[in-house]
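A structural walkthrough
For reference, the chains in residue letters:
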Amino acid sequence: MRVALVRELGGPEVLVPAEMPDPVPGPGEVVIDVSQVDTLFVETQIRSGAFSDHFPVRPPYVPGGGIAGTVSTVGEGVDAGWAGRRVIASVGFTGGYAEQAATAADHLVPVPDGLGLREAAALTHDGVTAAALMEATAPGPGERVLILGASGGMGTLLVQLAHAAGAHVVAVARGDRKTALVRELGADDVIDGADTGWNRRVRPWKRRAARRTWCSTGSAAPWARPPSP
């Protein structure tokens, strides 16, 4: 099978096509014909050499931790009904940039009819985290939610979920296109992060009962911490 191989740490130019043996499912595993890959920003940073203390990835390797596709083969002990089903799955830190990938059957999530594999792949990582945040914080009517990085993969999900829950959504995004997007997705108030002093505009919302503050960009800014009850 063909793969995209990271031959050395660096920019996109270090990705090269290569041939590798087709995967064979072990007990409790399946093989997926990969259609789409969920590419996260952090994966591009790992490829460039960042976070080596936290992610045990060394070149050469095949990147890609989340995939969408169709189950082609099932291993011993796996329900044969998975064969032919459209799924998303986590394959760990590596192995997704390939025509096929093997993973544990208990990592599979079926893709419902009517949802494209491209859209499903985009939910492989951010969808799980967004759902966990909603479950942990349970925003609802009468509450304000401040979302930083609202136009990213995680942010756009949080805007929609918080809006659907009835919360008042305050979204921070950068530029006309991105602020228009988050407004279209349901944000009640939008702040342009490209404006000088945008963080000063956020502080009043934080003081005025912004009961949830979600930062989808990984910022550790102390003012972005949720206010005390």
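Every chain's residues receive numbers from 1 upward, in the order its sequence appears when written. Only residues with pLDDT of at least 70 are given local features in this predicted model, and only at 80 or more are side-chain atom pairs given and counted; all residues enter the totals for whole chains, interfaces and linings. Side-chain calculation: all heavy atoms of the structure are included, whereas hydrogens and water are not.

Points about the overall build of the protein chain
In this description a helix means any DSSP run of H or I spanning at least four residues, a strand means any run of E spanning at least two, and both kinds are numbered starting from the N terminus. For the protein chain, the count of helices and strands is six helices and eleven strands. The 229 residues of the protein chain split such that 41% are buried. Residues are treated as being in contact if the distance between any of their heavy atoms lies within 4.5 Å. Pairs at least 24 apart in sequence give 63% of the contacts found in the protein chain among residues at least 6 apart. Each accessible area is a Shrake-Rupley result for a 1.4 Å probe, and residues are judged covered by the shown protein chains and nothing else. Surface accessibility of the protein chain: about 12,100 Å² in total, with carbon and sulfur atoms responsible for 53%. Partly exposed residues are those whose accessible area sits between 20% and 50% of the maximum for their type, while under 20% is buried and over 50% is exposed, using a 1.4 Å probe and protein chains only.

Quick look at the packing of aromatic side chains
Think of it this way: a Phe, Tyr or Trp ring, Trp meaning its six-membered ring, pairs with another when their centres are within 6.5 Å, and the plane angle makes it stacked under 30 degrees, edge-to-face over 60, tilted otherwise. Counted by the stated rule, this structure contains two aromatic pairs. Look at Phe 51 and Phe 55: their rings are 6.5 Å apart centre to centre, the planes differ by 65°, and that puts the pair in the edge-to-face class. When its relative accessible area of 41% is taken as the criterion, Phe 51 is described as partly exposed. Between Phe 55 and Phe 93, the aromatic rings sit 5.3 Å apart at their centres with planes inclined by 85°, giving edge-to-face as the arrangement. Of this pair, Phe 55 sits in the loop between helix H1 (41–48) and strand S4 (66–74) while Phe 93 sits in the loop between strand S5 (86–90) and strand S6 (100–104), and the two are 38 residues apart along the sequence. In this structure an aromatic cluster arises from ring pairing among Phe 51, Phe 55 and Phe 93.

Description of the pairing of strand S8 (residues 144–148)
Successive side chains on a regular strand alternate, one facing one side of the sheet and the next facing the other. Most of S8 sits out of view: four of its five residues are buried. Between any two strands, pairing holds if DSSP finds at least two bridges. Bridge count for S8 against strand S9 (residues 168–173) is four bridges, and the pairing is parallel. Bridge pairing links Val 145 to Val 169 in S9. When the strands point away from the viewer and the connection leading from the first strand across the helix to the second strand turns clockwise, the crossover is called right-handed. The handedness of the S8 to S9 crossover, carried by helix H4 (residues 153–164), is right-handed.

Focus on the side chain of Thr 124
You can see Thr 124 is positioned in the loop between helix H2 (117–121) and helix H3 (126–137). Engagement of the side chain of Thr 124 in a polar contact is seen with the backbone oxygen of Ala 121, the distance being 2.8 Å. With residues near it in sequence (within four places) discarded, Thr 124 still touches Asp 38, Gly 66, Ile 67, Ile 88 and Ala 89. We call two N or O atoms a polar contact when they sit within 3.5 Å, provided that within protein one can donate a hydrogen and the other can accept it, with sequence-adjacent residues counted only if both atoms are side-chain atoms.

What about the nonpolar core?
Within this scheme, the nonpolar core is defined by two criteria: the residues are buried Ala, Val, Leu, Ile, Met, Phe, Trp, Tyr or Cys, and they are joined through side-chain atoms within 4.5 Å. One finds Ile 147, Ala 150, Val 159, Val 169, Ala 171, Val 182 and Ala 187 to be the most contacted residues of the largest nonpolar core, which totals 16 residues. Of all elements in the fold, only S8, H4 and S9 reach the threshold of two or more residues within this core. In terms of residue count, the dominant contributor to this core is H4 (five residues). The residues touching Val 182, leaving out its near neighbours within four places in the chain, are Ala 150, Ser 151, Val 159, Ala 171, Ala 173, Ala 187 and Val 190. Within the second largest apolar cluster, 13 residues are counted, among which are Ile 67, Val 71, Val 78 and Ala 89.

Focus on the sheet that holds S4
Across the sheet, five strands lie side by side as S6-S3-S4-S5-S7; this open sheet has antiparallel pairing. Two strands lie at the open edges of the sheet, namely S6 and strand S7 (108–110), each paired on one side alone. Neighbour-to-neighbour, the strand axes of this sheet turn through a mean angle of 45°, independent of strand direction. Strand direction decides the pairing type here: S4 and S5, joined by five bridges, are antiparallel. Across the sheet, Ala 68 pairs through a bridge with Ile 88, a residue of S5. Lines fitted to C-alpha atoms define the axes, with helix axes restricted to the stretch in contact, and inter-axis angles between N-to-C directions lie between 0 and 180 degrees.

Quick word on a negative patch on the surface
Residues Glu 19, Asp 22, Asp 33 and Glu 99 make up a contiguous surface patch of negative charge. By secondary structure assignment, the location of Glu 19 is in strand S2 (residues 15–19). A patch consists of residues exposed above 30% relative accessible area that lack any salt bridge, with like charges linked at up to 9 Å and nonpolar side chains (Val, Leu, Ile, Met, Phe, Trp, Tyr) linked at up to 5 Å. Note on definitions: salt bridges are taken to be side-chain nitrogens of Lys or Arg within 4 Å of carboxyl oxygens of Asp or Glu. Positive charge is attributed to Lys and Arg, negative charge to Asp and Glu, and no charge count is given to His or to the chain ends. Here the site of a charge means atom NZ of a Lys, CZ of an Arg, CG of an Asp or CD of a Glu.

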